[in-house]
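Close look at the chain arrangement
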Amino acid sequence: MRNYLAILILFILCSCSEKEETSRFNTVEVETIYTDSLSFRAIQIMDGGNMAFAADKGAFGLVDLKTNKVRVNTQKYDSILPEFRAVAQNAADFFMLSVGNPALLYKTGDSGDMELVYKEEDDKVFYDAMAFWNNQEGIAIGDSMNGCLSIIISRDGGNTWNKLACSSLPKSEPGEGAFAASNTNIKLLGNKAWIVTTSGNVYYSEDKGFNWTVIKTPIESSEPTQGIYSIDFYDENLGVVFGGDYTKPEIDNANKAITRDGGKTWKLIANGKLPDFRSCVQFVPNSEGKSLIAVGFNGVAYSPDAGETWKQLSDESFYTLRFLNDTTAYAAGKNRIAKLIFH
């Protein structure tokens, strides 16, 4: 019995050691799977082995993740080729939302064509990101108008969208908005929502957008090009925000922070150290919240210890990234979509 127990313990220790080792990355292999003269800032890994994307020039499409085959289509509105920077999905439909005036939100229609389900016309309109809590309830956010952030919500599976009145939202700071850089300004978990802004704020709701509070982070936001560009949570307590200044991407002070209490308080991490400006941060799946990847046009960076230290894995430029599993991700940026395999 003692020998059996010793062998069992040894097996468990070896398994744990191997698991810990596989969660540490030393290199990344970048395989470009699609190129086009487009700006790809919004990707969504779908159920069924596909990844959807939307881009500028009205472009949208699907990548078959088994074959890397890409199908591309174009969505026009009158003579306009919209610039799409936000996408989302529920069990029934794929959604894409354009920036600028007019804001155009499309969903997959029963006829095989994209169906326009929301339109907003105003010189100040500018939408940045969207996501779904569940199959019925979704949210999209945009820059401030009339003293509050622009927030639209669907409660019927994305068929109709309604804009929240400023009377039901916190007053925004002057010029406050969000960066439409990677479709990661919103994070949803359970009933909760976290939205990050150019003013270094986190807007938090614990009831699917009916009530909101604002938490100030230590992220630098004194210039219009500074603030929080991306947010991710590993669970309802552990989260990270990332940003900087895309016009001065070498700045690495006050551009990344962590929370361990669900976003109530935030603390700077790796302050004055790599990485500098990045437009998207994501937790590595199944890493117990220890491993992070941050991408931007300055490359791909990795942290094995919840953001305390970082290593530059690649100088390849990307705007956004999503994980397929704990070693494979897909990234998109200027003129291309790529598959990333972490070793």
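Definitions and cut-offs
Residues numbered from 1 in each chain as written. Predicted model: local features only at pLDDT ≥ 70, side-chain atom pairs only at ≥ 80, totals over all residues. Heavy atoms only, no water. Helix = DSSP H or I, 4+ residues; strand = E, 2+ residues; numbered from the N terminus. Buried < 20%, exposed > 50% of the residue type's maximum accessible area, 1.4 Å probe, protein only. Phe/Tyr/Trp six-rings, centres within 6.5 Å; stacked < 30°, edge-to-face > 60°. Lys NZ or Arg CZ within 6 Å of the ring centre and 35° of its normal. Disulfide = S-S within 2.5 Å. Contact = heavy atoms within 4.5 Å. Polar contact = N/O pair within 3.5 Å; in protein donor to acceptor, adjacent residues only side chain to side chain. pLDDT = per-residue confidence, 0-100. Pairing = 2+ DSSP bridges. Salt bridge = Lys/Arg side-chain N within 4 Å of Asp/Glu carboxyl O.

1. Description of unusual backbone geometry
A negative phi angle characterises most non-glycine residues, just as the trans form characterises most peptide bonds. Looking along the chain, the bond that leaves Asn 101 and enters Pro 102 is cis, with omega of 5 degrees. Cis peptide bonds are those with omega within 30 degrees of zero, and the linkage from Leu 274 to Pro 275 qualifies with 0 degrees. Residue position: Pro 275 is located in the loop between β20 (267–268) and β21 (280–283). Phi at Asp 78 takes a positive value of approximately 55 degrees, unusual for a residue other than glycine. Residue classification places Asp 78 among the exposed positions, given a relative accessible area of 65%.

2. Notes on the packing of aromatic side chains
Per the counting criterion, the structure on display carries 18 aromatic pairs. A centroid spacing of 6.2 Å and a plane angle of 75 degrees characterise the contact between Phe 95 and Trp 161, whose relative ring orientation is edge-to-face. Of this pair, Phe 95 sits in strand β6 (residues 94–98) while Trp 161 sits in the loop between β11 (148–154) and β12 (162–163), and the two are 66 residues apart along the sequence. As far as the burial class goes, Phe 95 and Trp 161 line up, both buried. Site record: aromatic cluster; members linked through ring pairs are Phe 25, Tyr 302, Phe 323 and Phe 342. Sitting above the plane of the Tyr 319 ring, Arg 41 keeps its charged end 3.8 Å from the centroid. One cation-aromatic arrangement involves Arg 155 over Phe 210; the distance from NZ or CZ to the ring centre is 4.0 Å.

3. Here's the deal with the state of the cysteines
Summed over the entire model, instances satisfying the criterion amount to one disulfide. Between the sulfur of Cys 148 and that of Cys 166 lies a disulfide, 2.0 Å long from S to S. Across the disulfide from Cys 148 to Cys 166, rotation about the S-S bond amounts to roughly -75 degrees, and the bridge is consequently left-handed. With Cys 148 in strand β11 and Cys 166 in the loop between β12 and β13 (186–189), the pair connects residues that are 18 residues apart, well separated along the chain.

4. Section: the environment of Ser 317
Its place among the elements puts Ser 317 in the loop between β24 (311–314) and β25 (320–323). Here the alpha-carbon distance between Ser 317 and Ala 331, two residues 14 residues apart in the chain, equals 9.4 Å. Non-local contacts of Ser 317, meaning those with residues more than four positions away in its chain, are made with Gly 296, Phe 297 and Arg 336.

5. Considerations on the environment of Asp 232
Counting through the fold element by element, Asp 232 comes out in strand β17 (residues 226–233). Taking the relative accessible area as the measure of exposure, Asp 232 reaches 6% and is therefore buried. In the structure, Asp 232 is positioned 68 residues away from Leu 164 in sequence and 24 Å away in space, judged by C-alpha atoms. Setting aside its immediate chain neighbours within four residues, Asp 232 contacts Lys 187, Leu 238, Gly 239, Val 240, Val 281, Gln 282 and Phe 283. A polar side-chain atom of Asp 232 sits 2.8 Å from the main-chain amide nitrogen of Phe 283.

6. Re the confidence of the model for the protein
With 93% of its residues at a pLDDT of at least 70, the protein reaches an overall mean of 93. A low-confidence stretch, residues 1–22 stays under pLDDT 50, and its non-local contacts, those more than four residues away or across chains, total zero contacts.

7. Structural notes on the sheet that holds strand β19 (residues 256–259)
Pairing within the open sheet is antiparallel, and its four strands lie in the order β17-β18-β19-β20. In this open sheet, the two edge strands, each paired with only one partner strand, are β17 and β20. The sheet contact formed by strand β18 (residues 239–245) and β19 spans four bridges and is antiparallel. From the neighbouring strand, Gly 239 faces β19, where its bridge partner is Thr 259.

8. Quick word on the pattern of salt bridges
If you walk through the whole model with that rule in mind, you get 13 salt bridges. The partner of Glu 137 in a salt bridge is Lys 208, with the nearest N and O atoms 2.9 Å apart. Pair noted here: Glu 137 is in the loop between β9 (127–132) and β10 (138–145) and Lys 208 is in the loop between β15 (201–205) and β16 (213–216), with a separation of 71 residues, a long-range link. Side by side, Glu 137 and Lys 208 carry an identical accessibility label, which is buried. Close ionic contact of Lys 192 with Glu 236 constitutes a salt bridge, the shortest N to O distance being 3.3 Å. Here Lys 192 is found in strand β14 (residues 192–196), whereas its partner Glu 236 is found in the loop between β17 and β18, with 44 residues between them in sequence. Exposure remark for Glu 236: the relative accessible area of 35% places this residue in the partly exposed category. Each of Asp 93, Lys 107 and Glu 115 takes part in salt bridges that share partners, so that together they form one network.

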